[in-house]
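Structural description and commentary
The primary structure of each chain is shown beneath.
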Amino acid sequence: MAKQPHLLVESGDVNDIVLLPGDPSRVHRIAGHCADATTVAENREYTVINATYEGTPLSICSTGIGCPSAAIALEELAKVGIETVIRPGTTGALQRGIEIGDMVVATGAAKDEGTTKRYESATYPAVPDFEVLSALVEAAGTDPAGVHIGPIATDDAFYAETEEYVTDWEGAGLLAVEMEAAAIFTIARHKGIRAGAICTVDGNLIVGTQKGETEDEELPAAANDNVDRMIGIALDAVTRLA
C-alpha cells in the first residue's frame with residue numbers, strides 16, 4: 001500500500017493504539033511521558049510519533065483543529081490498520097461548577113458540525129466505544145477529583161458560538177464543547193475502530209471565561225498544568241486496552 005497522502009504513513013508504520021491530540025506540539029508533550037519515542041512523519045498539521053508506555057506500544061498523531069482535518073487523520077490511520085484511538089484534547093465547559101483544569105470524559109457528542117453529515121444522518125448518535133470509555137473512566141477514577149463524565153457538543157465554528165447556542169447546550173445538560181470528537185466517534189464506528197475522548201477544560205462559556213483572554217499563552221495556567229494529568233489518564237487507558 002502506498003503512503004497516505006496527508007499523514008505520509010503506510011501499513012506497518014504506526015501501532016494499533018493511537019492518541020489523537022489536536023495540537024502538533026502536544027504530540028511531543030505526550031511523547032515526553034513515554035519511552036522509545038521516534039518521529040514517523042511530519043506534514044501540514046499532522047505529526048506522527050511512535051513510542052511505548054509501560055511496555056505498551058502506541059502512536060501519537062495530531063489532527064489539527066476541527067472535524068475535517070480530524071476526519072482525514074482517522075481515515076488514513078484506518079487505511080493502515082489501526083484499531084483504537086483516544087482523543088486527549090481541550091474543551092470549553094458548558095455547566096457552572098466545571099472549573100478550568102477539570103477533566104471531561106465524553107459519553108457522546110452532539111453533531112453540531114458539518115463533517116459527519118457526509119457520512120450519515122444527523123439523527124445517528126456519535127458515541128465512544130464502550131471499552132474505551134470504560135478504560136478512560138477507570139483510569140480517571142484513580143484520582144476522581146474534578147473529573148466529569150457525560151455528553152458534550154462538537155462544533156466547527158469557534159467564533160460563532162453565540163449566546164443562543166451556549167444557552168441551548170447548557171439547557172440540554174451537555175458538559176462541554178470542543179471541535180473533533182463527533183467526527184472521531186462517527187468515523188471510528190464506520191471503520192470498526194474503538195474510539196474515546198478525554199478533554200481538559202480550558203474555559204467556561206457559561207461564566208464567561210475563554211482560553212487566551214487573560215494570559216500570553218493559549219491555555220490558562222490551570223488548564224496547561226492539568227494537560228499532563230489528562231495525558232496520564234489517556235496513557236493509563238492505553239495500557240488497559242492493549
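Read on for a plain summary of the structure. (Residues numbered from 1 in each chain as written. Predicted model: local features only at pLDDT ≥ 70, side-chain atom pairs only at ≥ 80, totals over all residues. Heavy atoms only, no water.)

1. Considerations on the overall build of the chain
As a reminder, the rule being used: Counting from the N terminus, the helices are DSSP H or I runs at least four residues long and the strands are E runs at least two residues long. A radius of gyration in this sense is built from C-alpha atoms; the matching globule rule multiplies 2.2 Å by the number of residues raised to 0.38. Using a 1.4 Å probe on the protein chains alone, a residue whose accessible area is under 20% of its type maximum counts as buried, one over 50% counts as exposed, and one in between counts as partly exposed. The contact definition used throughout considers only heavy atoms, calling two residues in contact when any of these lie within 4.5 Å. Per-residue and other accessible areas follow the Shrake-Rupley method at a 1.4 Å probe size, with only the shown protein chains counted as cover for residues. Charge counting treats Lys and Arg as positive and Asp and Glu as negative, with His and both chain ends excluded. To locate a charge, take atom NZ for lysine, CZ for arginine, CG for aspartate or CD for glutamate.
From N to C terminus, the chain includes six helices and nine strands. Taken over C-alpha atoms, the radius of gyration comes to 17 Å for the chain, in line with the 18 Å a tight globule of 242 residues would show. Overall, the chain is about 50 × 35 × 35 Å in size when its C-alpha atoms are taken along their principal axes. With 242 residues in all, the chain has 52% of them scored as buried. Here the contacts in the chain between residues at least 6 apart in sequence split such that 76% fall between residues at least 24 apart. Of the accessible surface of the chain, which amounts to about 10,300 Å², a share of 49% is contributed by carbon and sulfur atoms. Positive and negative side-chain charges of the chain, numbering 16 and 38 respectively, have mean locations separated by a distance of 6 Å.

2. A look at the pairing of strand β5 (residues 84–93)
In plain terms, the rule: Pairing between two strands is assigned when DSSP locates at least 2 bridges connecting them.
Where burial is concerned, most of β5 is hidden: 10 out of the 10 residues are buried. The side-chain alternation of β5 yields two buried faces, one formed by Thr84, Ile86, Pro88, Thr90 and Gly92 and the other by Val85, Arg87, Gly89, Thr91 and Ala93. In terms of strand pairing, β5 meets strand β9 (residues 194–204) through 10 bridges, oriented parallel. Within β9, the residue paired with glycine 89 across the bridge is cysteine 199.

3. A word on the packing of aromatic side chains
Operational definition: In this analysis, rings of Phe, Tyr and Trp, with Trp reduced to its six-membered ring, are considered paired at centre separations within 6.5 Å, and the interplanar angle assigns stacked below 30 degrees, edge-to-face beyond 60, and tilted for intermediate values.
Inspection of the entire model under this criterion finds two aromatic pairs. Between phenylalanine 158 and tyrosine 159, the aromatic rings sit 4.9 Å apart at their centres with planes inclined by 80 degrees, giving edge-to-face as the arrangement. Its relative accessible area of 27% is what places phenylalanine 158 among the partly exposed residues. Residues tyrosine 165 and tryptophan 169 carry aromatic rings whose centres are separated by 5.7 Å and whose planes lie at 40 degrees to one another, so their mutual orientation is tilted.

Any functional reading would require information that these geometric values do not contain.
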